[in-house]
Amino acid sequence: MTRFFFHVHDGITIFDDVGLELPDIAAAQAAAIELSSKILNDGAEGPLWQDLTWRVEVTDSPGIGGQIFLVVNFSVTT
């Protein structure tokens, strides 16, 4: 099992310092999509909607400098 960390960036960065132990990248991708779904369900008043562009990065490190395995990007245009 590998520990994956899910960092959220929306003008500020919220580092995941705990992570999840998952069997592979496919499981990490599913977890990143699930996290993104929770953020979207918070609605436009949620804390991550201060900027209309945000992303979830999946890495192997609880901080800066880790290997990025995948990124889920979101943007809203008006």
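- Taking an unreviewed UniProt entry as the reference, the protein chain is identified by name as DUF6894 domain-containing protein belonging to Bradyrhizobium diazoefficiens.

### Quick notes on the nonpolar core
- If you look at the biggest cluster of nonpolar residues, it comprises 13 residues, and the most contacted ones within it are Phe4, Phe6, Leu22, Ala28, Ala32, Val56 and Val58.
- For this core, the secondary-structure elements that each account for two or more residues are β1 (2–9), α1 (25–41), β4 (53–59) and β5 (68–75).
- Here this core takes four residues from α1, the largest share from any one element.

### Points about the packing of aromatic side chains
- For the structure on display, the rule yields two aromatic pairs.
- Residues Phe4 and Phe69 carry aromatic rings whose centres are separated by 5.4 Å and whose planes lie at 70° to one another, so their mutual orientation is edge-to-face. Residue Phe4 is found in strand β1, and its partner Phe69 is found in strand β5; the two are separated by 65 residues along the sequence.
- On the basis of relative accessible area, Phe4 is assigned to the buried category, the value being 3%.
- Taking the centre distance of 4.4 Å and the plane angle of 15° together, the rings of Trp54 and Phe74 count as stacked. Taken together, the positions of Trp54 in strand β4 and Phe74 in strand β5 put the pair 20 residues apart, joining distant regions of the chain.
- Residue classification places Trp54 among the buried residues on the basis of a relative accessible area of 1%.
- A relative accessible area of 23% means that Phe74 is categorised as partly exposed.

How each quantity is defined
Counting starts from 1 at the beginning of each chain's written sequence and moves along it residue by residue. Restriction of local features to residues with pLDDT of at least 70 applies here, the model being predicted, together with a cutoff of 80 or more for giving and counting side-chain atom pairs; totals for whole chains, interfaces and linings are based on all residues. With hydrogens and water stripped out, all remaining heavy atoms of the structure feed into the side-chain values. Remark: nonpolar core denotes a set of buried residues (Ala, Val, Leu, Ile, Met, Phe, Trp, Tyr, Cys) joined through side-chain atoms within 4.5 Å. Only protein chains enter the area calculation, which uses a 1.4 Å probe; residues under 20% of their type maximum are buried, those over 50% are exposed, and those in between are partly exposed. A helix here means a DSSP run of H or I that spans at least four residues, while a strand means a run of E at least two residues long, and both kinds are numbered starting from the N terminus. The aromatic pairing rule takes the rings of Phe, Tyr and Trp, using the six-membered ring of Trp, and pairs them if the centres are within 6.5 Å, calling planes under 30 degrees apart stacked, those over 60 edge-to-face and the rest tilted.

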